[in-house]
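Structure at a glance
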Amino acid sequence: MFAPMMETFVTSDVLQKRERIGEPEATQVLWRLYNALPLVAEPAWVNLEADWTFALGSPQEGLNVAADRLPEKRENVTLPQRTLHPDTPYWYAAEVTVSTPTVLAIKADDGAQVFANGNRIPVRGDHFFLPASGASTKTRLIVRVLNKAAYGGLEDVRIASQADFERYQQAS
């Protein structure tokens, strides 16, 4: 058996060095231990099916604006949607039902801000946590995409239950 490792994080370089100095079983033992770890299933992400509308914002809006800046005149779009309007925010809106506390994963170029019923939802990591609105109550979801350079837009909105997402985070 090999000597206990003193490193708190073992890199491939460390393992290669240990094999060169006569501990070839180090990699094999670690590989066996790694394969014995339980698999952690990712959250059950699904695409958020919604009728999305789109409008261009004003380049002068700035970074932090309220949901009431959502332009009145919007057009229907299907995701993914990308367009060429450099340094211009893009506004997307949809009515959705959120029956349980939910986590949103939003793929937007270059970044996104989310509002639910007019309230800004803070981002935690790369996700947005929405409270439940009730089984029969609609939530007005607004995604403001912060387009910096050339093309940008809203590519994907996925949803998972908050309980499933937290289970995944705790297990991984």
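Quantities reported herein were computed from a predicted structural model and do not represent experimental measurements.

**Section: the nonpolar core**
In terms of nonpolar packing, the biggest core is built from 23 residues, with Trp-52, Tyr-92, Leu-104, Ile-106 and Leu-154 touching the most fellow members. Among the elements of the structure, strand 2 (52-56), strand 5 (89-97), strand 6 (102-109), strand 7 (112-116), strand 10 (127-130), strand 11 (138-146) and strand 12 (151-161) are those that each provide at least two residues to this core. Sort the elements by how many residues they give to this core and strand 5 lands first, with 4 residues. Look past the residues within four positions of Leu-104 in its chain and what remains in contact with it is Trp-45, Leu-48, Val-114, Asp-126, His-127, Phe-128, Leu-130, Leu-141, Val-157, Arg-158 and Ile-159.

**Digging into the pattern of salt bridges**
If you walk through the whole model with that rule in mind, you get 8 salt bridges. Where Glu-61 meets Arg-144, a salt bridge forms, and the shortest distance between an N and an O atom there is 2.9 Å. Here the residue Glu-61 occupies a position in the loop between strand 2 and strand 3 (75-77), and Arg-144 occupies one in strand 11, the gap between them amounting to 83 residues. By relative accessible area, which is 9% here, Glu-61 ends up buried. Take Arg-144: its relative accessible area is 1%, and that puts it in the buried class. Arg-82 is the salt-bridge partner of Glu-155, the closest N and O atoms lying 3.2 Å from each other. Of the two residues, Glu-155 is situated in strand 12 and Arg-82 in strand 4 (residues 81-84); the sequence distance between them amounts to 73 residues. Three or more residues joined by partner-sharing salt bridges are found here, namely Arg-82, Lys-107, Asp-109 and Glu-155.

**Regarding the packing of aromatic side chains**
Throughout the structure, instances matching the rule amount to 5 aromatic pairs. Where Phe-54 meets Tyr-92, the ring centres are 5.1 Å apart and the plane angle is 45 degrees; that geometry is what we call tilted. In this pair, Phe-54 is assigned in strand 2 and Tyr-92 in strand 5, connecting sequence segments 38 residues apart. Here the two residues Phe-54 and Tyr-92 agree in accessibility, since each one is buried. Through a chain of ring-to-ring contacts, three or more aromatic side chains come together here, namely Trp-45, Phe-129 and Phe-165. Note that Arg-124 overlies the ring of Phe-129, its terminal NZ or CZ placed 3.6 Å from the centroid.

Procedures and definitions
All residue numbers here refer to positions counted from 1 along the written sequence of the relevant chain. In view of the model being predicted, local features appear only for residues whose pLDDT reaches at least 70, and side-chain atom pairs are presented and counted only at 80 or more, with totals across whole chains, interfaces and linings using the full set of residues. Heavy atoms throughout the structure, all of them, feed into the side-chain values; hydrogens and water do not. Throughout, nonpolar core names a set of buried Ala, Val, Leu, Ile, Met, Phe, Trp, Tyr and Cys residues whose side chains join them through atoms within 4.5 Å. Relative accessibility under 20% of the residue-type maximum defines a buried residue, over 50% an exposed one, and the middle range a partly exposed one, all with a 1.4 Å probe and only protein chains included. Secondary structure counts use DSSP, requiring at least four H or I residues in a row for a helix and at least two E residues in a row for a strand, with both numbered from the N terminus. For this analysis, residues touch if any pair of their heavy atoms sits within 4.5 Å. The term salt bridge refers to a side-chain nitrogen of Lys or Arg lying within 4 Å of a carboxyl oxygen of Asp or Glu. The rule is short: rings of Phe, Tyr and Trp, with Trp giving its six-membered ring, pair when the centres are within 6.5 Å, and they are stacked under 30 degrees, edge-to-face over 60, tilted in between. Lysine NZ or arginine CZ positioned within 6 Å of the ring centre and within 35 degrees of the ring normal marks a charge as sitting over the ring.

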